[in-house]
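Residue-level structural notes
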Amino acid sequence: MFGSVPRALWERATTPDELNRIRLRINPLLIQLGGENILVETGMWDQGGEKFEAMYALDRDETVFRGLDALGLSPDDIHLVINTHLHFDHAGRNVTTLGDPTFPNARYVVQKQELHDARHTHERSRASYLPAYIDPIEHAGLFEVVDGEHELRPGLSVLPLPGHNLGQQGVVLRHDGQTLVYVADLIPTLAHAPTAYIMGYDLYPVTTLETRKRHLGQWFEEGAVICTPHDPDTAFAQLHPNPKGGFTLSPAQP
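The rules we used
Residues numbered from 1 in each chain as written. Predicted model: local features only at pLDDT ≥ 70, side-chain atom pairs only at ≥ 80, totals over all residues. Heavy atoms only, no water. Helix = DSSP H or I, 4+ residues; strand = E, 2+ residues; numbered from the N terminus. Buried < 20%, exposed > 50% of the residue type's maximum accessible area, 1.4 Å probe, protein only. Phe/Tyr/Trp six-rings, centres within 6.5 Å; stacked < 30°, edge-to-face > 60°. Contact = heavy atoms within 4.5 Å. Pairing = 2+ DSSP bridges. Axes fitted to C-alpha atoms, helices over the stretch in contact; angles between N-to-C directions. Salt bridge = Lys/Arg side-chain N within 4 Å of Asp/Glu carboxyl O. Expected span 1.5 Å × (residues − 1). Bend = angle between axes of the 7 residues up to and from the residue.

Turning next to unusual backbone geometry. With a phi angle near 75°, E41 is a residue other than glycine that sits in the positive phi range. Along the chain, E41 turns up in the loop between β2 (36-40) and α2 (49-55). Look at A57: it is not a glycine, yet its phi comes out positive at around 50°. Relative to the elements of secondary structure, A57 occurs in the loop between α2 and α3 (64-70). We classify A57 as partly exposed; its relative accessible area is 45%.

Turning our attention to the packing of aromatic side chains. Evaluation of the coordinates by the stated rule reveals nine aromatic pairs. Between the aromatic rings of F52 and F88, the centroid separation amounts to 5.4 Å while the plane-to-plane angle is 70°, which identifies the pairing as edge-to-face. Of the two residues, F52 is situated in helix α2 and F88 in helix α4 (residues 88-91); the sequence distance between them amounts to 36 residues. Side by side, F52 and F88 carry an identical accessibility label, which is buried. Ring-pair connections join several aromatic residues into one group, and the members of that group are F2, W10 and Y197.

Position of N27 relative to the elements: it lies in the loop between α1 (7-10) and β1 (29-33). Using a relative accessible area of 6% as the deciding quantity, one classes N27 as buried. Setting aside its immediate chain neighbours within four residues, N27 contacts Y182, T228, P229, H230, D231 and T234.

A separate point is the sheet that holds β2. A sheet is described by the order of its strands in space; here five strands give the open sequence β1-β2-β3-β4-β5, paired in mixed fashion. Every other strand in the sheet has two partners, leaving β1 and β5 (143-146) as the edge strands with one partner each. On average, each strand axis in the sheet is inclined to that of its neighbour by 25°, with strand direction left out of account. Here β1 runs beside β2; their pairing, made up of five bridges, is antiparallel. The partner of L30 across the bridge, within β2, is L39. Those strands touched by helix α5 (residues 112-119) are β4 (107-111) and β5, and its axis lies near 85° from that of β4.

Right, let's talk about the pairing of strand β8 (residues 169-175) for a bit. Where burial is concerned, most of β8 is hidden: five out of the seven residues are buried. Relative to β8, strand β7 (residues 156-160) runs antiparallel, the two being bridged by five bridges. If you follow S157 over to β8, its bridge partner there is V172. Relative to strand β9 (residues 178-182), β8 runs antiparallel, the two sharing five bridges. Bridge pairing in β9 places V172 opposite V181. Between β8 and β9, which follow one another and run antiparallel, lie two residues, and D176 among them has a positive phi close to 50°.

Moving on, we come to the pattern of salt bridges. Applying the stated criterion across every chain, the model contains eight salt bridges. The partner of R23 in a salt bridge is D233, with the nearest N and O atoms 3.3 Å apart. Remark: D233 occurs in the loop between β10 (225-227) and β11 (237-241) and R23 occurs in the loop between α1 and β1; sequence separation between them is 210 residues. The exposure class assigned to D233 is exposed, which follows from its relative accessible area of 59%.

Another point: the sheet that holds β7. Pairing within the open sheet is mixed, and its seven strands lie in the order β6-β7-β8-β9-β10-β11-β12. Of all strands in the sheet, those with a lone pairing partner are β6 (150-153) and β12 (247-251), marking the two edges. Taking each pair of neighbouring strands and ignoring which way they run, the sheet shows an average axis angle of 30°. For β9 and β10, the ladder comprises three bridges, and the chain directions are parallel. Residue pairing in the sheet places L180 in a bridge with V225 of β10.

Between its first and last C-alpha atoms helix α7 (residues 205-222) spans 26 Å; for 18 residues at 1.5 Å apiece the expected length is 26 Å, and the two agree. The largest bend along α7 measures about 30° and falls at H215. Taken together, the buried positions of α7 are occupied by T208, T211, R212, H215, L216 and W219. The inward-facing, buried residues of α7 contact β7, β9, β10, β11 and β12. In the segment just after α7, G223 is the residue with positive phi, at about 65°.

Treat this as a map of the structure, not an account of what it does.
In structure tokens form, the structure reads like this:
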């Protein structure tokens, strides 16, 4: 999760277990805008089998469905799904265990580049894309394919954030002078805010570096609320300049 950063540095931020695993979480985001329910990310693939579950030490006490239920919503109430990318931990719940679209009344927004890469995998990417939760959405004609920065609704847009892969997108919501950014795996947890803390999972680490430099300063100037997909403790965060350069993240103030 921290790439070439030495463990002696990264373990100050997060403590690994005896198998060198760290605590992570899947953090979907629900946006209610203009009478619509818009879901960013659908959650972890749930049909990987016993070995898959054990390898990742998965705890399913919290799911996107329980989160929706707590708000009195069901999957049928979702109007739009935004897949930041199509890896199994972000888009794995696109379909049900029967292989049907989980959110049948929604369009699923994905970048053109990402859908292409999910169809044309290679040795480094193959394990991250599983056709079982991608193909049914495509066959049902539910993918809404965008190419680059695109406004989905007034004030709500998607923004390419390449590096982790080429087709990753973030989600930007601007309303009443405030900005919220769901950064996807550009910054997976608060501990990854330092510029050089780039995952070994990133296919294009130098591109990740460039993407961070391109956007973090602007988001700081806007006072944006930052949402990370995997921080185990904090859903919403704020950027702060690091005296050594770059930025750090801390929990956002209510």
